[in-house]
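# Reading the structure
What follows is the residue order along each chain.
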Amino acid sequence: MVELKPGARFQSTVCSTEVIVVKGGGEVDLTCGGAPMVASGTGEISGSPSDDAAGGTQLGKRYGNADETIELLATKAGDGSLAADGGALEIAQAKTLPASD
Amino acid sequence: MNLMMLLEMAAEGLGDRVAVGSLDDGLTYRQLYDRAHGAANRYRAAGVESAVVCDESSPALPIALFGSAWAGIPYVPLNYRLPADDLLALAERAGSAVAIADEPNLERLGGLPGVSSVSAQVFSADPAAGTDGHASPGDWNMDPDDLAVLLFTSGTTGSPKSAVLRHKHLVSYILGSVEFMGAGEDEATLVSVPPYHIAGVASMLSSIYAGRRIVQLPRFDPDVWIDTVEREGVTHAMVVPTMLTRIVDALDARGGAPMLGIRALSYGGGKMPRPVIERALELFPITNFVNAYGLTETSSTISLLGPDDHRVAQYSDDPVEQQRLASVGRPLPGVEVQVRDDDGTVLGPGDVGEIFVRGEQVAGEYREKGSLLDADGWFPTRDGGFVDDDGYLFIQGRNDDVIIRGGENMSPGEIEDVAISHPGVRDAAAIGVPCREWGEKVVLLIVPDGDAPDPDELDDLIQERLRSSRVPSHVEVVDELPYNETGKLLRRVLREQFAHLGDDPTD
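Residues numbered from 1 in each chain as written. Chains lettered and ligands numbered in written order. Predicted model: local features only at pLDDT ≥ 70, side-chain atom pairs only at ≥ 80, totals over all residues. Heavy atoms only, no water.

## Re the overall build of chain A
Note the cut-off: Secondary structure elements are taken from DSSP: a helix is a run of H or I of four residues or more, a strand is a run of E of two residues or more, and numbering for both begins at the N terminus. A radius of gyration in this sense is built from C-alpha atoms; the matching globule rule multiplies 2.2 Å by the number of residues raised to 0.38. The cut-offs for exposure are 20% and 50% of the maximum accessible area for each residue type, with area from a 1.4 Å probe on protein chains only; residues under the lower value are buried, those over the upper are exposed, and the others partly exposed. Only the protein chains shown count as cover for residues, and all accessible areas are computed by the Shrake-Rupley method using a 1.4 Å probe. The positive count covers Lys and Arg only, the negative count covers Asp and Glu only, and His and the chain ends enter neither. Throughout, a charge is located at the NZ atom of Lys, the CZ atom of Arg, the CG atom of Asp or the CD atom of Glu.
Each helix and strand in chain A was counted, giving 0 helices and 12 strands. Taken over the C-alpha trace, chain A has a radius of gyration of 13 Å; the compact-globule value for 101 residues is 13 Å, and the two agree within 12%. Oriented by its inertia axes, the alpha-carbon framework of chain A measures out at about 45 × 25 × 25 Å. Looking at chain A as a whole, 48% of its 101 residues qualify as buried. Carbon together with sulfur atoms contributes 48% to the accessible area of chain A, which is approximately 4,800 Å² in total. The distance from the centre of the 7 positive side-chain charges to the centre of the 14 negative ones in chain A is 10 Å.

## Examining the interface of chain A and chain B
Applied cut-off: Residue contacts are defined here by distance: any two heavy atoms, one from each residue, within 4.5 Å place the two residues in contact. Two parts placed together each lose some accessible area under a 1.4 Å probe, and the buried area is that loss summed for both. Any Lys or Arg side-chain nitrogen found within 4 Å of a carboxyl oxygen on Asp or Glu counts as a salt bridge. Each polar contact in these results corresponds to two N or O atoms within 3.5 Å; when the atoms are within protein, one needs to be able to donate a hydrogen and the other to accept it, and residues that are neighboring in sequence are counted only if both atoms are side-chain atoms. Ten residue types, Ala, Val, Leu, Ile, Met, Phe, Trp, Tyr, Cys and Pro, are classed as nonpolar, four, Asp, Glu, Lys and Arg, as charged, and the remainder, Gly among them, as polar.
Taken together, the contact pairs 17 residues of chain A with 32 residues of chain B. Interface area lost by chain A to chain B is led by Leu97, Ser100 and Asp101 of chain A, which between them contribute 32%. There are 1 salt bridge connecting chain A and chain B. Its salt-bridge partner being Glu8 of chain B, residue Lys76 of chain A comes within 3.4 Å of it at the nearest N-O pair. At the junction of chain A and chain B, the tally comes to 7 residue pairs in polar contact (both at pLDDT 80 or more). At 4 residues, the largest contribution of residues to the side of chain A that touches chain B is made by strand S9 (residues 71–76) of chain A. Residues belonging to the side of chain A that touches chain B are distributed by class as follows: 8 nonpolar, 4 polar and 5 charged.

## Digging into the pattern of salt bridges
Enumeration according to the criterion identifies 26 salt bridges over all chains in this entry. For Lys76 of chain A, the salt bridge is made with Glu18 of chain A, and the minimal N-O distance between the two is 3.7 Å. Of this pair, Lys76 of chain A sits in strand S9 while Glu18 of chain A sits in strand S3 (residues 18–23); the two residues are 58 residues apart in sequence, bridging distant segments of the chain. Judged by its relative accessible area of 24%, Lys76 of chain A falls in the partly exposed class. The class of Glu18 of chain A is buried, set by a relative accessible area of 14%. With a shortest N-O distance of 3.2 Å, Asp139 of chain B and Arg44 of chain B are connected by a salt bridge. With a gap of 95 residues between them, Asp139 of chain B in the loop between helix H6 (120–125) and strand S7 (147–152) and Arg44 of chain B in helix H2 (residues 29–46) connect regions that are remote in the sequence. What emerges from the salt-bridge pattern is a single network uniting Asp186, Glu187, Arg212 and Arg263 of chain B.

## Some remarks on helix H14 (residues 412–421) of chain B
Residues and elements named next belong to chain B. For H14, a buried count of 8 out of 10 residues is recorded, marking the element as mostly surrounded by other parts of the structure. Listed in full, the buried residues belonging to H14 are Pro412, Gly413, Glu414, Ile415, Glu416, Val418, Ala419 and Ile420. A distance of 3.1 Å separates the backbone nitrogen of Gly413 from a side-chain oxygen at the start of H14, and that oxygen is part of Ser411.

## Side note on the environment of Met259 of chain B
Residue and element names in this part refer to chain B. As for its position among the elements, Met259 is in the loop between helix H10 (241–253) and strand S12 (264–267). In sequence terms Met259 and Gly439 are 180 residues apart; their C-alpha atoms lie 49 Å from each other. In contact with Met259, not counting residues within four places along its chain, are Trp225, Ile226, Val229, Glu230, Leu251, Leu283, Phe284, Pro285 and Thr287.

## Some words on the sheet that holds strand S25 (residues 439–448) of chain B
All names here are of chain B. Counted only if it meets this: A pair of strands is labelled paired if DSSP reports no fewer than 2 bridges between them. For helices, the axis comes from a line fit to the C-alpha atoms of the stretch in contact; other axes are also lines fit to C-alpha atoms, and the angle between any two N-to-C directions lies between 0 and 180 degrees.
In spatial order, the strands read S24-S25-S26; together these 3 strands make up an open sheet with mixed pairing. One side of each edge strand has no neighbouring strand; the edge strands of this open sheet are strand S24 (425–435) and strand S26 (474–477). Strand after strand, the sheet turns through a mean of 25° between neighbouring axes, direction not considered. As judged from the 10 bridges shared by S24 and S25, these two strands associate in the antiparallel manner. Opposite Pro434, over in S25, you have Glu440 as the bridge partner.

## A word on the pairing of strand S17 (residues 353–358) of chain B
Residues and elements named next belong to chain B. Counting buried positions along S17 yields 5 of 6 residues, so the element is predominantly enclosed. Relative to strand S20 (residues 379–387), S17 runs antiparallel, the two being bridged by 4 bridges. Paired with Gly353 across the two strands is Gly385, which belongs to S20.

## A short note on the packing of helix H1 (residues 3–14) of chain B against helix H3 (residues 60–71) of chain B
All names here are of chain B. Heads up, the condition is: When an angle is under 35 degrees it counts as roughly parallel; over 145 it counts as roughly antiparallel; between 65 and 115 it counts as roughly perpendicular; any other value is oblique. Left-handed describes a crossing whose near helix is turned anticlockwise from the far helix by less than a right angle; the clockwise case is right-handed.
Remark: H1 packs on H3, axes separated minimally by 8 Å, with the N-to-C direction vectors making an angle of 120°. The orientation of H1 relative to H3 falls into the category oblique. As for the relative orientation of H1 and H3, their crossing is left-handed in sense. Between H1 and H3, the contacting residues are Leu3, Met4 and Leu7 on the first element and Leu65, Phe66, Ala69 and Trp70 on the second. Of the residues assigned to the contact of H1 with H3, the class counts are 7 nonpolar, no polar and no charged.

## Description of the packing of aromatic side chains
Residue and element names in this part refer to chain B. Filter applied, for reference: The criterion for an aromatic pair is that two Phe, Tyr or Trp rings (for Trp, the six-membered ring) have centres within 6.5 Å, with stacked assigned to planes under 30 degrees apart, edge-to-face to planes over 60 apart and tilted to the rest. Working rule: Lys NZ or Arg CZ, within 6 Å of ring centre, within 35 degrees of ring normal, means a charge sits over the ring.
Counting across every chain of the model gives 8 aromatic pairs over all chains. Here Tyr43 and Phe123 contribute two aromatic rings whose centre-to-centre distance is 6.1 Å and whose plane-to-plane angle is 40°, an arrangement assigned as tilted. Of the two residues, Tyr43 is situated in helix H2 and Phe123 in helix H6; the sequence distance between them amounts to 80 residues. Judged on exposure class, the residue Tyr43 and its partner Phe123 are both buried. Centroid distance Trp70 to Trp140: 4.9 Å. Interplanar angle 85°. Geometry classified as edge-to-face. A residue pair is termed long-range when its members are at least 10 positions apart, and Trp70 in helix H3 and Trp140 in the loop between H6 and S7 qualify at 70 residues. Trp70 sits in the buried class, given a relative accessible area of 1%. Ring pairing ties together the aromatic residues Tyr33, Trp70 and Trp140, which thus form one cluster. Positioned above the aromatic ring of Tyr366 is the side chain of Lys161, whose terminal nitrogen or guanidinium carbon lies 5.2 Å from the ring centre. Lying across the ring of Tyr392, Arg324 places its NZ or CZ 3.9 Å from the centre.

See below:
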């Protein structure tokens, strides 16, 4: 379990994926590649993603849960896919704001 | 959070795409990352408090911006056009620094205690920069409360204050408003706003995160702007109102042929004259126009009027939809807006008051005065305005500019809007001039479009559309109105210039 709060960063322990929390709070079982994620810079990468969590995480994409209480931004890509409290996190719809500056 | 996170992602995801400059010899995202590392090493070796920039736009600016974030010191861009004494006074407030400066200021700044100055050429071409290769690990601080940028506000009233923007504000702004790698490989943005303005800082951050190549135009000239658009394959641009006015005039002088290559044109920084935007919509017939409203203290844009609203307003017969062209659209997701009266009561649609904003990107802090956010995080913008029934925000000038005539508050903006709707008026400014009888009286200054209209016609128009208290005591014809370089009307200058009318006994 890790403590989610906006701005917090987490890394996978089985691939190169890293994320930053855009939205979310409280204790969450956050995994990547089927293995628990840890605070960035605090863990080693070993092993590989489990087969059922190897869809990959894409750089710069936002990942959210079904009830939209959690949103993560991938700051490093990796082979594992993300999940929170057992539910897979899916790519959130891209924002369509026009460029303003 | 740290701004370097944005560049690190771009270097990772976009690598060899050109970030800044021409396609044949520009800096790639990877190179920019390496140069930022070199700059960080330079700042750390010097042990300075600030990364000062006192120069026009060049690739040295994004290098210094990200290098300072890497080194953990604030980026402090100064207005290189200031008189020497004013410039040195601001530079001293930045403390010890490495200062990028152009020729006349290189020696001036270098003479300050603790400041070493360097030219942009030497800074960007430093052989120490870029020797680490892309393997250089990011060892920047991730504390979101670290200072990222100090900006001296334009000072249309009083002496400049230094606005504080922390990493969390700017990163929140970018993550909330820009899609990573959202730009196509063929896109390029032309940056002609001053580098010491929030728009200059924000344009670097948002373009780099979007993966849109930055083309810099150091000294704005409308013909050079048009030529650069064509030569560099520019697809996006941001301009302030005075720039768009001059671009429109220059295009008309060239025969009024439409410009089709620009896909998106955003504008902001001051009030856009209605005839200018209407002509621009014709001269850029397939361009997506965006009107952006934001402040230094809010990390740039907080509200925007999008492309569809512009075209609807252009072609609609509905006055409400036409009027949207005078609004700044709706708040960004993640930004809340309230309009409050003098007592702090939150007002409903249509009621004019002071605009308050809240959101992750809202800093609202000055070095001199600390945070101006209230207990619930709301920032008073000092701008007056209202929100319409559909949530569109209309700005009606600074609260400091409100005219108080006989105890009645009136916004100069509403008077100006009516005056400019007259076909013989190209631009207008309403100011309050102190007078014995009313406290202040309304003076209307107009820039005619062709022959000046009869003042009585303007009086009648204002009486009919507003009310008799808004009818100006004097209508004066002027050749042009004074604007600062980001398009803000300098009302203070006008109030001084026309103060003598306050004692005029004719009314």
